[in-house]
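Coordinate analysis (summary)
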Amino acid sequence: MKRRYPHKTNILLVNITRLGDMLQATPTIAGMKAENPDAKVTVLVEKQFEEVCHSIPNIDEVVGIDLGMTVRSLAREQDGIVDAYEYVTEFVDTLRAKNFDYCLNMSSSGYTALLLKLIGIARNGGWTADEEGHRVIESDWARLFATSVFHQNRQYNSLNLVDVFRCSADVIQHPPKLMLNIEPAAREHAETLIREAAFTNTGPLVAIQAGASQEKRQWSPAHFIELIKTLTNEHQARVVLVGSKKELSIIEPIKAGCDSPNVAVFAGKTTIPQLAAVIEACDVLVTGDTGPMHVSVAAGTPVVAMFLASAYGYETGPYSEGNLVLQPVIGCGPCNPNKPCSQTDCHETIAPGLVAKLTMLRAAGDVRSIPPGLVDPRRVIVYRSCFDSHGFCDLQPLTSNEFDPLARFRAAYRKLWLDDLGGLEFAPAERRALALAADEVAGVEQLGELAGRGEALIDELKRLIKDVRVSGRALAGVNEQLSSLDRRIEEVGYNFSHLGPVARMFVFAKENLSGTDALDLASQMGTIYGDLRRRCRKLNEYFATV
Amino acid sequence: MASTPVSPRAYAGGRVGSEMIPKGATKMKDFTKIAEQMKADWNRRISHDYRFWMSDGHRDDAAMWQSGERDLDIMLADIGDTRGLTLLDVGCGVGRLLKPALARFARVIGFDVSDEAIGKARALLGDGPELYAGNGVDLRPLGDRSVDVVLSFAAITSMPTEVMAAYLCEFHRVLKPGGVARLQIYLGTESAVEQNDTLQLRCYSEAKFERAVRAAGFELEWSRDLVLPFKVSFEELGILARVVSLARSEVAPASVEEITALLRPGPGAAPSPRPPIAGVDLEYWMSLNYAGELAERGDIERARAALEYALTFQRVATIDVRDLLERITSRLGATPASGRSSSTDLYAANLAIVEQRFPMVASSLRATDDPNVMVVSSGDGAVIIEQGQCLDHPQKPLASGEVWAKRVLQEGRVKDAADLVIFGFGAGYHVEALSRATSKGVSVIEPNPAVLAAALRSRDLRECLTRLDRLAVGEEAARALFREGDELCLRPQTQALHGEMASRIRSIFYGTRGLRSLHPTVAVLGPLQGGSLPVMAYTLRSLQSLKQRVREWDVSGFAPSFHHIDKFFYDKMRVTGVQNMYLETVSQVLLEAVNEKSIDVLICMAQAPVSGRVLTELRSRGVITVLWFMEDYLRFTYWKDLAKYYDFVFTIQRGRCMELIRAAGAGEVVYLPMACDPGVHRPLSLSAEERKQWGSPISFVGAGYHNRQQVFASFADLPFKIWGTEWPECKPFDRMVQENGRRLLPAEYVKIFNATDININLHSSSERDGVDPTGDFVNPRTFELAAAGAFQLVDERSLLAECFEPGKEVVTFRNPRELKELVAYYLNRPHERQAIADRARARVLSEHTYDQRIRQMLSVIYSSKFEHLKRREESGGWSKLFRRAAPHPELTARCQAAFERGDEPILDGLVSDVVLGKGKLSETEQKLMFLYHVRKQMIRMKSEEMGLNK
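Residues numbered from 1 in each chain as written. Chains lettered and ligands numbered in written order. Predicted model: local features only at pLDDT ≥ 70, side-chain atom pairs only at ≥ 80, totals over all residues. Heavy atoms only, no water.

1. Quick word on the overall build of chain B
A tally of regular secondary structure across chain B gives 39 helices and 26 strands. Put simply, of all contacts in chain B between residues at least 6 apart along the chain, 69% involve residues at least 24 apart. Only carbon and sulfur atoms are counted for the fraction: they give 51% of the accessible area of chain B, which is about 39,600 Å². (Helix = DSSP H or I, 4+ residues; strand = E, 2+ residues; numbered from the N terminus. Contact = heavy atoms within 4.5 Å. Areas by Shrake-Rupley, 256 points an atom, 1.4 Å probe, with all protein chains shown as cover.)

Structure, rendered in structure tokens:
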């Protein structure tokens, strides 16, 4: 793999606002530490996650930023603004004094980018901002991250963001799992909770995370009740409902609806390490795409995870081997996370009975195949999480994916990026020359041509720049042609949605042009057009092979 | 003697006390003797010198009438329209207040116990008032309930108590039901006065007085301090000159004896602060001083007469005035030349310093000659200046200056000031006192160069002049005098004499200071439509050019909906009702806008759609409400309902308009004529095609009002174009009216002005034919045409000559015939037209732009509401933010920029000008943008959690 900054000594990792994100960074942290054993790793998180970070291995220092207080000060406006301003000033000064030599910020938020600009760290693996406040993404992998989470492109991505994140930090050696230390005291607490639950069943211990970050991603309580009744009544399972105190409003009606001594509510009774210990003690966790799902992965407990609404299994699926991922087959999914949904049809594609059976299968052991007829492939695809030969997490369909129209594109893009950005070798058969016309990706030839025209224009521009006799008007003429060409490239990306990822990578690369020397800028542009042309060619190749 | 009363009727000081009844005094019911005494005493005094004994000691009748006008204003405060009423002045003397009352009342009656005074009044006023020499007991022959207003100024104060009680009962008798008595009296500490003393002032206990007037059948409506340009109250003695308003009730008066008993000091009354002085002593002393004063003026003949009069009391007087008498006789013996010689030396010495330190002032003094300015002697022999009235304390100017300086320096605003500017020099005693008492710089503005010159001639002011920081004479020089950190101290004497100038100086000072140091957010609310809509745009531009924090409230977008209501109903009443509801909604929109972004001043253009309810609410929040009523108050009468909701109403008419709007409850009413915006109304270079489209030898721009139709119907044979709406489509207008009578934009009509040889400007009238002979205000078109460099013929207006010189800058006509003659004359005289238009343009640019008008408007507002706005600003969000941001210079600078942009003191306001990708962000900008994005992200996450994303 091409690596930008293989050696690091004083690393800042910015992962501020979500528990899941923090856990998903653990393979990267472990990898950085493994590759740079003497390096110091500092993590910047929101104050409320500070404590849990102490349970994450390989972190040397945790710095908490009090965004809650900042927002409360800002809510006062007037002098409150100055309170917040002074807090930021002090905070920035503190971080500056730590003299970080490398920063990895995988949060695409505007404020983290500006914060890093203020701290002024020379080498960056993720998002930062330029002098004018514009977003800057230096690493190709981080651009791929941004490209992949760009809503239009999400379904063309099959690389787990944990790996994309890891590669942004140039990490090759990494554990194929998430990591969280569980202290004995936490385990004792979990054992006590389970003991006090006084289950009468003797079957598998199943943890259920019913809450989710958004209402549209939350399976209905009625479905959970049906699932739990099946598990407790038909399979002698013992069920613990986990979650936070805030989620009790969802969980308590479920508990009441089940009316069973084999259902216990642990929600609100655990810290995050204690939650991890509870889940660790369970045989399986049934969940949506949630923070506890990642906790479960870190605790080594398999999950049966439903990726509803905007959740997308390939993107943020459980990062360990052998978990079951249920992805609805529905025209509108995965939907835009920023839009509400008043009719969550995707929830109905997954029947409680199916989840109960998959839960019991997974509780019994690794699931390599699904009994025929159990799953309707027109409604839902069941995947098993795994790692490919290059150590990248993947999802292996256990049911037919014939109703997934984008499967081929996804596979092609996976190879394209692993090859083009990762420098990974693929078998000659997978790299054969242009396939039959019918197998070509529509529009890719046009995009490749545009990229070639761009390269030619850049050559012309370089010639003009070098020629001192050339008028500014001539240079402006070429620039105008380039602007119109770039616009066309972006349009092709919109016209052919399957070309969106390559076009978006082009756009992000262009946004990151830096410097003031005309010739240097032209060279950078030339490289970007070259990248686009090469990627178009490769995409076509890999599409044909899959 | 410590103090020297001059005249009880003049209030130039005086001994006051309530009455002391000597042993064996006259019986209550028998006060004819007292009345006779009064008559004899006052006849004697009038015969001697009516102006001295009946007025303020003025040297001529003109000054006496002037003071009468002033005092009548005070006495009639708040009475409103008096034109149909009957006035009775009791103790009218020679008619000082009767003369001005004649113009205000339908019937004016004067009553005085002195037949000498009545005779003189008759000689001075002719048959105007009805005059009666009374018996000093009652008001016969006046009939019951025959008078609307009774007043008595500086008269009953010297009447014996029982006479006053009798008069109170008589006031009740002659007043109509609902009538009012206005009396000038002394209230406060009771003290003793001889019962038969007809000169000394009497002071009553306020509580007793109130009980007495109630017993006399009156309700005490109010009691106010009497403030005159000279000292009339004696706070140090607890004796206050007051004006009281008594409303006649239907309760029958008690007996004179009962009322008298209520007024007299009781047994527990405080002892008199001073031993009583005999009336004869007082008269002796006053007339002696008067003689001295006349001698000082050089009026030897009258001085001798006064001395002679004084000496008639010498035999019976008990006071020792030998020093004074010697001084006066010595003065009367000295030659005037020796005085002048001495004053010449003084003047040269003083002027040398003025020339050295204030050369501009020195040059203005050379051309000074004002016969009204006199140097006279004060009661204590000091030199004082008079200009119709005393400009210094008439008795003790030196001590008075000290007291004034002490009081001034105790005022909070003065304490906070860096330097002080005094309005009024007079003889300079107060200036000396103030500059000695403070380390602050002291500067002076003297309105009249002759006063300063007189002071320089009569006093050694070298030290005072050397101490002065700045000195200016006249209004123009005063404008340039003020500096940051100054505080203005207006002297009451100069203020009384130069009231209008004082008011302008005040406006200039506080207005300039306000413009410099106040930063209120000024919202400008336009109408839904109409002529004031473009004025709103001009006003906004001017406010911006004056660097005000402006908020534009353009509500013209609501107009189509407002008119759309019309389409739903046949019944016009229903249309109006629903439209009013709609306007209330628009008003509410404004209130909500204030809820989101606060304002400090709201300037409403005429017909702005804001209801009384919303204006009341805004005022309750401290917003200053202003209406620029640029309408004819007779045609548009909504001011009757709305004036009371405005702190300021600016009008384009004077006189009755202002009076009525003031009476309708407006706070301050100020004349502010229309103007031009030189950015819009300007000479244009038009292409030949434009000239063809917009041009004509003769044009008129405006709506087709009745009088215009009537005049222009006869213009059919002329090369004449009409532009504007509401013109008939019939002959002869069908050929004259351009572009189907559509509404024009300002930019279009400026082209017409420029492309026309003769622009006719006929003010509209819905009632009159031709030219309205009563027309007063000047329409905007007059100013706009002038600014466009266009030649205009404009109908005569009474206020036009204040703005332009007719015949030189504009040409006026009085009727359609004259208009046609002028058109014929000027059509073939392009050079004359051009010269007139050029002069009009020069005038309008120098005096009549919206920038100047808005500056005047703000000066008035800031002058009057400076402290209010300052407090508001200091307690506002921006002040908090500035104080807190002070340790961070770059943040402070960013706050300043946001503040000046008119943004709110919120984070969004601080970063509203930061556009990413447009130049480098400073570190402060980066931090603020960081905070901006933090908040945005937190709100987004919260919304996501709550499923609120849309």
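2. Some points on the sheet that holds strand β9 (residues 238-242) of chain A
All names here are of chain A. As summarised here, the arrangement of the eight strands in space is β10-β9-β8-β11-β12-β13-β14-β15, forming an open sheet in which the pairing is mixed. The two strands at the open ends of the sheet, each matched to only one other strand, are β10 (263-265) and β15 (393-397). Between one strand and the next, the sheet's axes are offset by a mean angle of 25 degrees, whatever the strand orientation. Relative to strand β11 (residues 284-288), strand β8 (residues 205-209) runs parallel, the two sharing three bridges. (Pairing = 2+ DSSP bridges. Axes fitted to C-alpha atoms, helices over the stretch in contact; angles between N-to-C directions.)

3. Examining the packing of helix α8 (residues 279-297) of chain B against helix α9 (residues 300-311) of chain B
All names here are of chain B. Two elements in contact, α8 and α9, have axes whose closest approach is 8 Å; the angle formed by their N-to-C orientations is 165 degrees. Considered as vectors, α8 and α9 are oriented roughly antiparallel to each other. The two elements α8 and α9 cross, and the hand of that crossing is left-handed. For the pair formed by α8 and α9, the contact residues are Glu-283, Tyr-284, Ser-287, Leu-288, Tyr-290, Ala-291, Leu-294, Ala-295 and Arg-297 on the first element and Ile-300, Arg-302, Ala-303, Ala-306, Leu-307, Tyr-309, Ala-310 and Leu-311 on the second. (Parallel < 35°, antiparallel > 145°, perpendicular 65-115°, else oblique. Left-handed = near helix turned anticlockwise from the far one by under 90°.)

4. Here we look at the interface of chain B and chain A
Across the boundary between the two partners, chain B contributes 36 residues, which contact 36 residues of chain A. Summed over both partners, the interface of chain B with chain A buries about 3,600 Å², with 65% contributed by carbon and sulfur atoms. Ranking the residues of chain B by area buried against chain A places Arg884(B), Lys927(B) and Phe930(B) at the top, with a combined share of 19%. Summed over the shared surface of chain B and chain A, the result is four salt bridges. Between Arg935(B) and Glu77(A) there is a salt bridge, and its shortest N-O distance comes to 2.9 Å. Along the contact surface separating chain B from chain A lie 11 residue pairs in polar contact (both at pLDDT 80 or more). Of all elements in the fold, only α36 (877-885), α38 (907-910) and α39 (923-946) of chain B reach the threshold of two or more residues within the side of chain B that touches chain A. In terms of residue count, α39(B) provides more of the side of chain B that touches chain A than any other element does, 17 residues in total. (Buried area = accessible area lost by both parts, 1.4 Å probe. Salt bridge = Lys/Arg side-chain N within 4 Å of Asp/Glu carboxyl O. Polar contact = N/O pair within 3.5 Å; in protein donor to acceptor, adjacent residues only side chain to side chain.)

5. What about the environment of Gly188(B)?
Residue and element names in this part refer to chain B. Here Gly-188 lies in strand β5 (residues 175-188). A sequence separation of 19 residues divides Gly-188 from Ala-207, and the C-alpha atoms of the two residues are 9.1 Å apart. The residues contacting Gly-188, other than those within four sequence positions of it, are Cys-203, Tyr-204, Ser-205, Glu-206 and Gly-238.

6. Points about the packing of aromatic side chains
Taken as a whole, this structure holds 45 aromatic pairs over all chains when the rule is applied. Measuring from centroid to centroid gives 6.1 Å for Tyr156(A) and Tyr413(A), while their planes differ by 70 degrees, and the two rings are edge-to-face. In this pair, Tyr156(A) is assigned in the loop between α7 (140-149) and α8 (161-168) and Tyr413(A) in helix α16 (residues 407-420), connecting sequence segments 257 residues apart. Tyr413(A) shares its class with Tyr156(A); the two are buried. Relative to Tyr314(A), the ring of Tyr312(A) lies with its centre 5.9 Å away and its plane at 55 degrees, an arrangement referred to as tilted. Considered together, Tyr312(A) and Tyr314(A) belong to a single accessibility category, that of buried residues. Here the aromatic residues Phe700(B), Phe712(B), Phe715(B), Phe720(B), Trp727(B) and Phe733(B) are joined through ring pairs into a cluster of three or more. (Phe/Tyr/Trp six-rings, centres within 6.5 Å; stacked < 30°, edge-to-face > 60°. Buried < 20%, exposed > 50% of the residue type's maximum accessible area, 1.4 Å probe, protein only.)

7. So, the pattern of salt bridges
Tallied over the full model, the rule gives 104 salt bridges over all chains. The salt bridge partner of Arg384(A) is Asp366(A), with a shortest N-O separation of 2.6 Å. Of the two residues, Arg384(A) is situated in strand β14 (residues 380-387) and Asp366(A) in the loop between α15 (352-364) and β14; the sequence distance between them amounts to 18 residues. Exposure remark for Arg384(A): the relative accessible area of 1% places this residue in the buried category. Asp41(B) is paired through a salt bridge with Arg45(B); the nearest N and O atoms lie 3.9 Å apart. Taken as a pair, Asp41(B) and Arg45(B) lie in helix α1 (residues 32-54) at a separation of four residues, close to a single helical turn. Note on accessibility: Asp41(B) and Arg45(B) belong to one class, buried. Within this structure, Asp419(A), Asp420(A), Asp531(A), Arg534(A), Arg535(A) and Lys538(A) form a network of salt bridges that share partners.

8. Here's the deal with the packing of α1(B) against helix α4 (residues 115-125) of chain B
Residues and elements named next belong to chain B. Between α1 and α4, the least distance of the axes is 7 Å, while the angle of their chain directions is 40 degrees. Regarding the angle of α1 to α4, the classification is oblique. Every residue of α4 that contacts α1 at Lys-39, Asn-43, Ile-46, Ser-47, Tyr-50 and Met-54 is listed here: Asp-115, Glu-116, Ala-117, Lys-120 and Leu-124.

9. Thoughts on the nonpolar core
Formed by 119 residues in total, the largest nonpolar core has its most connected members in Leu13(A), Met22(A), Val43(A), Trp141(A), Val240(A), Phe266(A) and Trp417(A). Looking at which element gives the most residues to this core, the answer is helix α20 (residues 518-545) of chain A, with nine residues. What Phe266(A) contacts, discounting residues up to four positions off in sequence, is Leu193(A), Ile194(A), Ala197(A), Val240(A), Leu241(A), Val242(A) and Val278(A). Core analysis: the second largest hydrophobic core is formed by 114 residues, Phe562(B), Val601(B), Met658(B) and Val680(B) among them. (Core = buried A, V, L, I, M, F, W, Y, C linked by side-chain atoms within 4.5 Å.)

10. A short note on the pairing of strand β3 (residues 61-65) of chain A
Residue and element names in this part refer to chain A. In terms of burial, β3 is a largely internal element, four of the five residues being buried. Two strands pair when backbone bridges link them, and strand β2 (residues 40-46) and β3 are joined in this way by five bridges, in the parallel orientation. The residue of β3 that forms the bridge with Val-45 is Gly-64.

11. A short note on the sheet that holds strand β10 (residues 383-387) of chain B
All names here are of chain B. Taken in spatial order, the three strands line up as β9-β10-β11 in an open sheet, and their pairing is antiparallel. Here the strands that pair on one side only, and so sit at the sheet edges, are β9 (373-377) and β11 (389-390). Sheet topology places β9 next to β10; five bridges connect them, and they run antiparallel. Looking at β10, one finds that Val-376 is bridged to Ile-384. Taken strand by strand, helix α16 (residues 449-458) contacts β9 and β10, and its axis lies near 160 degrees from that of β10.

12. Brief notes about unusual backbone geometry
The residue after Gly333(A), namely Pro334(A), is reached through a cis peptide bond having omega -10 degrees. Here Pro334(A) is to be found in the loop between β13 (324-328) and α15. Going from Lys731(B) to Pro732(B), the amide bond is cis rather than trans, its omega being -5 degrees. Relative to the assigned elements, Pro732(B) resides in the loop between β23 (720-723) and α29 (733-736). Even without being a glycine, Ala154(B) presents a positive backbone phi close to 55 degrees. Secondary-structure assignment places Ala154(B) in the loop between β4 (147-152) and α5 (161-174). Residue classification places Ala154(B) among the buried residues on the basis of a relative accessible area of 1%. One non-glycine residue, Glu726(B), lies in positive phi territory at about 65 degrees.

13. A few points about the environment of Asp281(B)
Residues and elements named next belong to chain B. With respect to the element layout, Asp-281 can be found in helix α8. Look at Asp-281 and you get buried, because its relative accessible area is 3%. A sequence separation of 33 residues divides Asp-281 from Gln-314, and the C-alpha atoms of the two residues are 8.6 Å apart.

14. Thoughts on the side chain of Gln327(A)
Residue and element names in this part refer to chain A. With respect to the secondary-structure elements, Gln-327 resides in strand β13. You can call Gln-327 buried: its relative accessible area is 9%. Engagement of the side chain of Gln-327 in a polar contact is seen with the backbone oxygen of Ala-311, the distance being 3.2 Å. Only 2.8 Å separates the side chain of Gln-327 from the backbone nitrogen of Gly-313, close enough to count as a polar contact. If sequence neighbours within four positions are ignored, Gln-327 has contacts with Phe-307, Ala-311, Tyr-312, Gly-313, Val-380, Ile-381 and Tyr-383.

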